[in-house]
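Summary of the model geometry
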Amino acid sequence: MPLSWKVICSDSRARAGEVKTSRGVIETPAFMPVGTQGTVKTMSPEELQDIGVKIILSNTYHLYLRPGAELIAEAGGLHKFMHWDLPILTDSGGFQVFSLSPLRKVEEKGVTFRSHIDGSTHFFSPEKAIEVQELLGSDIIMPLDQVVPYPCSYEEAREAMQRSIRWAARCKDRHQKSKQQALFGIIQGGIFPDLREKSTRELVKMNFPGYAIGGLSVGEPKESMYNIIESIVPFLPDDKPRYLMGVGSPDALIEGVKRGLDLFDCVLPTRIARNSRVMVPQGYLNLRNADYARDFRPIDEDCSCYTCRHYSRAYLRHLLKANEILGLRLTTHHNIHFLINFMAEMRCSIKENKFEQFYEQFWHTFKVAT
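Here goes a summary of the coordinates provided.

Definitions and limits used
- Residues numbered from 1 in each chain as written.
- Predicted model: local features only at pLDDT ≥ 70, side-chain atom pairs only at ≥ 80, totals over all residues.
- Heavy atoms only, no water.
- Helix = DSSP H or I, 4+ residues; strand = E, 2+ residues; numbered from the N terminus.
- Buried < 20%, exposed > 50% of the residue type's maximum accessible area, 1.4 Å probe, protein only.
- Contact = heavy atoms within 4.5 Å.
- Pairing = 2+ DSSP bridges.
- Axes fitted to C-alpha atoms, helices over the stretch in contact; angles between N-to-C directions.
- Right-handed = clockwise from strand over helix to strand, strands pointing away.

This brings us to the environment of isoleucine 51. Looking at the secondary structure, you find isoleucine 51 in helix α1 (residues 45-51). Taking relative accessible area as the criterion, isoleucine 51 reaches 12% and is therefore assigned buried. Taking the C-alpha atoms as reference, isoleucine 51 lies 9.0 Å from tyrosine 306; in sequence the two are 255 residues apart. When residues no more than four places from it in sequence are discounted, the contact partners of isoleucine 51 are Met43, His333, Ile336, His337 and Ile340.

Below, the discussion takes up unusual backbone geometry. Peptide bonds are, in most cases, trans, and in most cases residues other than glycine have a negative phi. The linkage connecting threonine 28 with the following residue, proline 29, adopts the cis geometry, with an omega of 5°. By secondary structure assignment, the location of proline 29 is in the loop between β3 (24-28) and β4 (30-33). Between tyrosine 150 and the following residue, proline 151, the backbone shows a cis peptide bond with an omega angle of -5°. You can see proline 151 is positioned in the loop between β10 (140-141) and α7 (154-175). Within the chain, histidine 83 stands out as a residue other than glycine whose phi angle is a positive 60°. Mapping histidine 83 onto the fold places it in the loop between α4 (78-82) and β6 (88-91). Here histidine 83 falls in the partly exposed class, since its relative accessible area comes to 45%.

Moving on: the sheet that holds strand β15 (residues 263-266). Taken together, five strands build an open sheet; the order of strands is β4-β15-β14-β13-β12 and the sheet is parallel. The sheet is open, and its two edges are formed by β4 and β12 (185-187), each paired on a single side. Going from strand to strand, the sheet's axes swing by 25° on average, the running direction of each strand aside. Pairing geometry for β4 and β15, over four bridges, is parallel. Looking at β15, one finds that methionine 32 is bridged to aspartate 265.

Here the focus is the pairing of β15. Alternating positions in β15 separate into two faces, Leu263 and Asp265 on one and Phe264 and Cys266 on the other, with burial throughout. The pairing of strand β14 (residues 242-244) with β15 spans two bridges and is parallel. Its bridge partner lying in β15, tyrosine 243 is registered against leucine 263. At this point the chain moves from β14, through helix α10 (residues 250-258), to the parallel β15, and the crossover so formed is right-handed.

Below you can see the structure in the form of structure tokens.
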């Protein structure tokens, strides 16, 4: 089996577990930094491992377009190409096809789209999405799904959900030929609980080794996202990992864990670092603010990351104002360390049966609008 999963312990619905792959064990709940194009921006693989990252996510759409899946396969697969020996999850590219391509045509056989790089025309079928990910050689792969924007009508969400179920079955049929990768199912249905339930029930019948919740964190209110998660989890098997796609803010992570989810990914920590924002227990700091010009404290005095051990807010502000690359590297390093450590603290609280206390303390400290 390319993947196995077990729950170590639980505290109410929050659970600590282990995802085992041939390239390593991922302790959950876990956050996966995003290496869209075969790299987590500004970070080396060694730095990520030093921080404690056990799995990263890469993007099928982007790697298919550039440098090409065949080239990566020729190099020995994505792990060897990017010098990363631990697990990699690749998404199917469905979200990018529907969000980045200005011109696309969706049919039952698949989707024709234009490259956002050069305007060239391409076609992805469910089978093609699996074939590309096989060439990449990732450990966990995703089926092609149809993502609808927020807001959308009930009918639009229903049609996309039903097509995603049919495409998932086709992906599974194509994937039967390979036993080297674990194919998860992706639950769709917009913000409509009955559609989400239908999607979940149908995918569970297909017996995937794990289940992802897609189509959230696309502009809907967070309360709507939490309500949808709560409507889905009762229909998911307890003995499979649960993955919430595209979520990486500390408040959404802890709310997801509270509701029984295990895996998360997002570009947030790297993206906000490039905009001078860093994570702290109280929320976020914008290091470009004039308040930090003579602030010689670290970003967070209780943080043990490389950045906080060696550099001040004043120096980081100087680097960012001067557009020095080191500033982006140091803020990215801090943000990823913050989230990896945050997930480790949640795991510990679950194992010690203290998750509720951890949750209450988090919300006593954290301010969403900071």
